[in-house]
Structure formats: C-alpha cells, structure tokens
Amino acid sequence: MALRWLFRAMDKATLADKRYSFLFEPGPPDEVVSIDCETTGLDRNRDEIISISAIKIRGDRILASQAFNTVVRPRCAIGPEAIKIHGLREADVANAGPIAEVLPELLRFIGGRPLMGYYIDFDIAMLDNHVAEFIGVQLPNPRIEVSRIYYERKYGDAPPGTQIDLTFAKILKDMKLPLFNQHDAFADALMTAMIYVSLMDLKERGVRISRPRHKGVGDFHGG
Amino acid sequence: MNPLFDAATAPFDRLTFEEAESLRAAMDVAYFRPGQTIIGEDAPPEGLYIIVKGTVEERAQGELLGLLGPKDFFDSRALVQGAGVSTFVAREETLCALAPRDDLLNLINGNPRFGAFFYIDISRKLDAMAQQDESSQIENIMRARVRDLFLLPAAIIDSVQPIASAGRIMRDIDCNALLVKDGERIGIVTGMNLSKAVVLKGMTIDDPVGAIAQFDMVTVAPDDFISQALLLMTKHNKRRLVVKEGENFVGILEDINLLSFFAGNSQLVGGRIDHAATLSELAAAAGQIGGQIRPLRRQGVKFEVVAEIVSDLNRRLFAKLFDLLCPPELLNKCCLIVMGSEGRGEQAVRTDQDNGLILSEPVDPTALQKFRDEFSGALADFGFPPCPGQVMVNNPLWSRTIDDFIADFGRWITTPDEQSAMNVAIFSDASAVAGDESLLARAKQALVEKASHERVFFGRFAKAIEAFEPPIGLFNRLKLEEGDGDALDLKKGGIFPIVHGVRSLAIEQGLEETNTFKRLARLAEIGALKPEFSRDLARALDYLQTLRLDAQLDAAASGSLLRPGELTSMDRDLLRDSFQVVKQLRDLLRHHFNLNMF
C-alpha cells in the first residue's frame, strides 16, 4: 500500500501531460467505475485492446445509461481464439478509431475514481500499455478487485483446505445473477457492477455468503 | 445484446430493434437491500422497474398483494398515471433495471402495440393480450399428432364381397369408408364410390367391391404431426388418409375430422344429444362434450364463451335425460334445475352434479323416488361425479315441492351459519333446464323477497368474500416448490370473491340473471356498478377463469398443475391487475354491506 502511494506521488510528479492531473485527484466519494476490456489475446505485452466499456457506480446505482462504450482498432491482428471469445472480427473494428483517439475521453470519464473489475489487474495492465505512452505515467487510480471482495465474503472465515472457486460463473451463481452474454465488454462491466453493488451491501450488513457443508466435491460444470 | 430486459417476451417483443436498443441505452440499474422501499405510496415513480434479481413485495394499505420475481416489472399503472396506489418493497437483495419514465412514455405514445400493455384500463390490455395469443394457438395445433385426432375405424372387407355387403357394413359401423383387401393389396372404398358405381356406372349391387376400390392410398403414422397429414391431403388431393402403425391399420383420417380438430364440432354433439333415443346413445354424446373444450381453447376462445358452449350442451343433455326418464306422474308438475357453477353457466371442465327438482305439488312417492335414483345414477354414468354436498335430485332436500322449498327460505336467510348461506348461494344461481320454468321463477322471487326484509342477511352473506386473503406467495418460487398448485389460489383469491360479491349484489337487486358476466352487465345497466368497473370485473374474471381452465386442461394432459413460474411476465402482470380489481370489489362491498360490522 505504502509502495503504491510512493509510486503515485512519483508518477504525479513525472506526469508528462499536466492536463491529466485530475487522474490524481480523488473522484467523487461513493463513486467507482466498473471497467472491462476485450483484447486481441491474453498476452499483456503483445496483445491489444479492441473494446472498452466503463460504467460508473454511484452508491446503489449503476449508471448504465451513461456508460462509456467504444470499439478500438488494434495495431495487430485479432487472434482466431480471441474472435471466438468476444465475437469481434477485423471487419467489426476496421472503422473504429485507434486507442490514441479513444483514451482522452476514457480518462476524462474515469477521472480519479477507483477502477473496479474482475481480474482488474489485466484490464489495467492492458490500458497502461497505452496510458504510459500517452501521458508518461501509469493509471494512478485505486483498484478494486471484485473477486477479492467475494473471496472475503465467502471464504474469509473458511477453514484451511476449503476448495475455492472464484470463476465468474460461480460468483454470478452465488449472487443469484443471471449470466448474460459474457465477453461483451458492456455486459461484462454491467454484470461485474451488479456483483459489486450486491457484495458491498452484504459487506456493509456483515452478511456472509454460505458455503456448501460438504467438501472436496469437484464442480464439473466449470464453476 | 440486452442484459436488462428480455426483448423476446411481451410487452418488449413489440418494440422494434431500434426502440428496444434505445430503451436499453436509457436504463440504469438500482440495488435495493432487504426491506428497502422501492416505490412509496403515492410517490411518483422514476420509471418502470424490471427485476433482474431478487423478490419484491407489492403492498397496499399494509396488505400484501403479491410477490414479484426476476423479469417481472412494475408499476405500469403508476407510470402512466403519475402515482400508484401500491407500495413496492424489496423482500430480499434486489437489483432492478430502471427504464426512465419519459423514455417509456415516448415509446407508449409512439408504438400503440407496445402502449396497449400500459393502459390503465385492464379491458384494453387484455384485448391486446388476446391478439398475441392467436399466433401461439396455431403453433400448438401444428404440433398435435395424428393420434390426437378422431379416426374412423379401420374396417376391412375382402375385394370379392359384393357392393351390397360393403354398404351394409358401412351402415352397421356408422362409417362412410372401408378398407378393401385384394390379395396383398389394400385399397379404400367410400359410400360415394358405392353410389356412383350403381347410379352412374350402371353396376349392380352384386358386383364385387374390389372393382370400384381405389388402391392409391396415402398413409400416415399415428405419430406424424397433423400438419403433415394436412399437407398430404392437399398434395395428393385426398379427403381420406389411412393411418398405419407398422403393418397394422389403425384407422382412417377424414378431412372433416381434421377440420373439427381445429374448429371443434359442438354443433354435431348438440345434434347428437337432441337425437338420442336411448340412454346409451345419450351417454355416447355426453362423452363428447368434454372434448369440445380443448379445440375451443386452441383457437383462443376465452373462458366466457367456452363455458357458454359447454353449459349449453350440458343443459341440453340434462333436458334430454329428463325427457327420457320422466314418468307420467311427474310430467307438467315439476321443474328440473341446475345450480352452482352449472346454474351460472360457468362450468367448462366438468365438476360435480349440482341439480335439483322443484315440484308444483306432492306426487306419487314411489315414482318420484325411482326418477330421482335413475336420474342421478345416469348422470354419474355419464361422468358427472356425485356432489359431495349431496346437492342432487336424489336428495329429498333438493327435490321437493315449491312450498317446502319456500318454507325453508326463512330459515336459510335468518340462520347465521355457513350451510344456510351456502344454500342461498347455490339456489340463487339456479337455472331451469326442463319442465315448468315458472316454478323456479316463483321460488326465486320468494327468496329475494325474504332476503330483502333482512338487511343483516346481506352483510353476513357477503362477508364470505373476506374469507380468503389475496393469493400471497403465488409468484414466490420457494413456495411453489412446496407443491402448491395455483388452481386453488386463483379460485379463492380471485374467482370466488368476484362470483360471490356479484352474486350478493344480484340478490340484493333481485336480478333474474344467474351468469356472473350477465349479472355484471345488468348491474351496470341499472346503475348499481359503474360501467367501467363492471367491465373490468368481467374481464378480470374471464382472465382468471381462462388461466384456471388452461391449468385444468394441462393437468388432464400431464397430470400436474400449471405453475405460475411458467407464466410469462405479461401474464403475471395481468394477474396482478386482475387481483387489483378483485381488491377494489372487496373494498366496495365492505363499504356497501358494512362488512366491518360482522
């Protein structure tokens, strides 16, 4: 934590484009941004973003109507495996702008708000590839990992040896949420937001997610 | 793709792709913790809430009206009117998608098909719903199989037999077509073939039938879809298909039976009842009454009309049975009546017998007893189960002289017990089906007369509408899993209060009508109910009865009750509307009959 603060301070000092100093100001209290990126593949160093969705959450409200949704034209080809996952083909992104055109608007949208997501580190790493090029520093926003809140609510008091399942489908199921079409950036960001507001209420009220009593039974449904 | 509402179900399926997309883009999602109020009483709603997860309670004046679950939406009335009468409270952790009011009002005004679902007026809403039903009805028909149809028997005659024999067999088995066996070949011959052969081709009735049989038969299997049968008939220009399962001939499918599957054949059944000369002929016709319900419902005919057709057939059946059994000692001295739902003409699926006999004067006890037993016994044989409350002709309490009946009315009216109230209810729904109708008219007049002098009776009588709470838990999945069918809930929570409430008003006003729909129309005519409210009640009753009828038909087919969880969101919304109308009626009657005093 302290280390991150130090990096932040250093980054703020080295921010190349001072117009983006608002990223270092705390956002409105009670607001976070649910963010999801679809990419050309899973290699953080080589693959690129092809779509981004960011949705503000204000208290108990998910402001889906003001969502930031965009498709991005990557510089590299979209892998066939990735097309199978998110369904975005070369033709679908051909008319989109490159990330450089999209980023300023995204950064103004998120401001200093914490960024929240499922495996948020990956999304931020993908964004940072470009943000660093663009403004000279990495995204300074606080991060919220939704699977960590879930872990804490469900397994925080679990005895050692408890089988742990943090798959997205399992989390949705526990939160009694329907699975919409996953791997659409907007749907993913929206589902993650729904999980988040539900979890935050459980946390506030001190409610835990129940665990099945029996142990060691494998889940063959993929979570 | 749309994660917030299901664009494939009503009413959202009526939006164009662009409209659905614009609505989706305008929606936010709100989280509510258990116990949190989503819409307060008299509060203007922000928009239409569509439940994504969780359970929401709808309450009015503290009373639980219903529970809503995922995909349900609320509160369409409040949305259009600007404020609702109900409070909505999250029962558990709940997420709702929220369609802003302005966006939704624009869609309602711009797309009449979509807008119809949000009218305040339940009648118009149900009409809009009825149109939607039509397409699914056709689909159901096309999924039925050949074995579901009425088939002519597959009687086989050898090709060397004379034309005369074929004619005689056709007459004996009452069937216009025979299969003709010619060595290994099988053909078909019809009555028309026989006539043409003799009249037009100059053949004699001793010529072999094989000479005129057609051997280019088209066959179908019992498991084939009837749509396939229809196609084969059209394609090969055949009026008959042979139904064959493996090597066995199962029957002959005639175009008329295919058509009657679509349209029902109630007129034929009616004719069969009227022409029956013996009990067994009448029994055969009686067995076909129940078969009319399904085709009628398949065509989307609503309960009110289905019940009218079935009641008409039942009454003709009773009248015919009366004609067949009535001894000379009773003729012109009695009136056969049906009571309860049968008397109101609101019975579709057969329940139990509710009938009686009013005599103008004492008659020969032996002849009377013989008639009583034969009549009730015959009906039981026809498949009308005996009445558990013994409201039947064979019970002397329900088959006696008009003077005896009238002498009892005073006790029925003044005794504050359930049985007396029940007797008044049953009798006030009575309709005459045979004999001297004036006897029933006189008896009813006496009943109304007695009641009108006992103001306190009406309060006690109408009080029964408060016996059952609105169907709490109807939509609650947890409760459903415990195996609660909805048929009972619909009846207690909606159908009974309407029927009984309207009955109370009808007795008070001395109406002659027994049918609830006709009573409602009459009550509106004489100004006892507002015309719009009367119409809403009629529509709500018809809707609840139709739902119940479909559940009953479903139960007959699959052995299990229809679960409300299988209803569409639209149906559940209409259910809530219907129960809302029921609640208004309860409030009105509570005030009108001063029910708080009882």
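Just so we're clear, the structure is a prediction, and the values are computed from it rather than from any experiment.

1. Looking at the overall build of chain A
- Of regular secondary structure, chain A possesses eight helices and six strands.
- Going from N to C terminus, chain A has its helices and strands arranged as α-β-β-β-β-α-α-α-β-α-β-α-α-α.
- Across the 223 residues in chain A, those meeting the buried criterion constitute 32%.
- In chain A, the proportion of contacts linking residues at least 24 apart, taken out of those at least 6 apart, comes to 68%.

2. Considerations on helix H11 (residues 279–289) of chain B
Residue and element names in this part refer to chain B.
- Buried residues of H11: Leu282, Ala285, Ala286 and Ile289, and no others. What you see down the axis of H11 is that its buried residues fit within an arc of 105°, all on one side. With respect to the buried face of H11, the exposed residues turned more than 90 degrees away are Ser280 and Gly287.

3. Looking at the interface of chain A and chain B
- Listed as interface residues are 18 residues of chain A and, on the opposing side, 14 residues of chain B.
- Looking at the side of chain A that touches chain B, the elements that each hand over two or more residues are strand E3 (61–62) and helix H8 (185–205) of chain A.
- Ranked by residues supplied to the side of chain A that touches chain B, first place goes to H8 of chain A with seven residues.
- Of the residues assigned to the side of chain A that touches chain B, the class counts are nine nonpolar, three polar and six charged.
- Direction of pairing for E3 of chain A relative to strand E1 (residues 28–32) of chain B: antiparallel, over a ladder of two bridges. Across the sheet, the residue bridging to isoleucine 62 of chain A is valine 29 of chain B, located in E1 of chain B.

4. Quick notes on the nonpolar core
- Counting residues in hydrophobic clusters, the biggest one holds 95 residues, and the most contacted among them are Val306, Leu336, Ile337, Ile358 and Ile498 of chain B.
- Here the element with the most residues in this core is helix H13 (residues 303–325) of chain B; it accounts for 10 residues.
- Both of domain 3 (315–453) and domain 4 (461–597) of chain B provide at least three residues apiece to this core.
- Not counting chain neighbours up to four residues away, the residues in contact with isoleucine 358 of chain B comprise Cys334, Cys335, Ile337, Ile402, Phe405, Leu439, Leu440 and Ala443 of chain B.
- Of all hydrophobic cores here, the second largest spans 89 residues; its members include Ile55, Met116 and Leu190 of chain A together with Ile108 of chain B.

5. Section: the environment of glycine 340 of chain B
Residue and element names in this part refer to chain B.
- Examined against the element boundaries, glycine 340 turns out to sit in helix H14 (residues 340–344).
- Along the chain, glycine 340 and valine 391 lie 51 residues apart, while their C-alpha atoms are 9.5 Å from each other.
- Contact partners of glycine 340, with chain neighbours within four places excluded, come to Asp354, Ile426 and Asp429.

6. Notes on unusual backbone geometry
- For the peptide bond that leads from phenylalanine 74 of chain B to aspartate 75 of chain B, omega is -5°, which places it in the cis range.
- In this structure, aspartate 75 of chain B sits in the loop between strand E6 (73–74) and helix H2 (76–81).
- The phi dihedral of lysine 176 of chain A falls on the positive side, at around 55°, and the residue is not glycine.
- With respect to the helices and strands, lysine 176 of chain A occurs in the loop between helix H7 (168–174) and H8.
- The phi dihedral of aspartate 174 of chain B falls on the positive side, at around 55°, and the residue is not glycine.
- For aspartate 174 of chain B, a count of 8 C-beta atoms within 10 Å corresponds to the exposed category.

7. Overview of the pairing of strand E15 (residues 334–338) of chain B
All names here are of chain B.
- Most of E15 sits out of view: five of its five residues are buried.
- Of the two faces of E15, the one carrying Cys334, Leu336 and Val338 and the one carrying Cys335 and Ile337 are both buried.
- Sheet topology note: the E15/strand E16 (residues 355–359) ladder contains five bridges and is antiparallel. Paired with leucine 336 across the two strands is leucine 357, which belongs to E16.
- As paired elements, E15 and strand E18 (residues 431–435) share four bridges and run antiparallel to each other. Counterpart to isoleucine 337 in the pairing with E18 is alanine 432.

8. Here we look at the sheet that holds strand E9 (residues 156–158) of chain B
Residues and elements named next belong to chain B.
- Across the sheet, which stays open at both edges, the three strands sit in the order E9-E10-E11 with mixed pairing between neighbours. Where the open sheet ends on each side, the last strands, each with one partner, are E9 and strand E11 (185–190). Across the sheet, the axes of successive neighbouring strands diverge by a mean angle of 35°, strand direction being ignored.
- Direction of pairing for strand E10 (residues 177–182) relative to E11: antiparallel, over a ladder of six bridges. Each residue of the ladder has a partner; that of leucine 178, found in E11, is valine 189.

9. With respect to the pairing of strand E7 (residues 87–90) of chain B
All names here are of chain B.
- Residues Thr87 and Val89 of E7 are buried on one face, and the alternating residues Phe88 and Ala90, pointing to the opposite face, are buried as well.
- Bridging between strand E2 (residues 37–39) and E7 involves two bridges; their strand directions are antiparallel. Bridge pairing in E7 links isoleucine 39 to phenylalanine 88.
- Relative to E7, strand E4 (residues 56–60) runs antiparallel, the two sharing four bridges. Looking at E7, one finds that valine 56 is bridged to alanine 90.

10. Some words on the sheet that holds strand E5 (residues 63–68) of chain B
Residue and element names in this part refer to chain B.
- Read from one edge to the other, the open sheet built from four strands follows the order E2-E7-E4-E5, with strand pairing classed as antiparallel. Looking at strand neighbours, the two that pair on one side only are E2 and E5, the edges of this open sheet. Across the sheet, the axes of successive neighbouring strands diverge by a mean angle of 30°, strand direction being ignored.
- Bridge analysis of E4 against E5 gives five bridges, and the strand direction is antiparallel. The residue of E5 that forms the bridge with valine 56 is leucine 68.

Conventions we followed
- Residues numbered from 1 in each chain as written.
- Chains lettered and ligands numbered in written order.
- Predicted model: local features only at pLDDT ≥ 70, side-chain atom pairs only at ≥ 80, totals over all residues.
- Helix = DSSP H or I, 4+ residues; strand = E, 2+ residues; numbered from the N terminus.
- Buried ≥ 20, exposed ≤ 12 C-beta atoms within 10 Å, placed from the backbone.
- Contact = placed C-beta atoms within 7 Å.
- Arc of directions from axis to C-beta.
- Nonpolar A, V, L, I, M, F, W, Y, C, P; charged D, E, K, R; others polar.
- Pairing = 2+ DSSP bridges.
- Core = buried A, V, L, I, M, F, W, Y, C linked by C-beta atoms within 7 Å.
- Domains from an automatic or database assignment.
- Axes fitted to C-alpha atoms, helices over the stretch in contact; angles between N-to-C directions.

What is shown is where atoms sit, not what they do.
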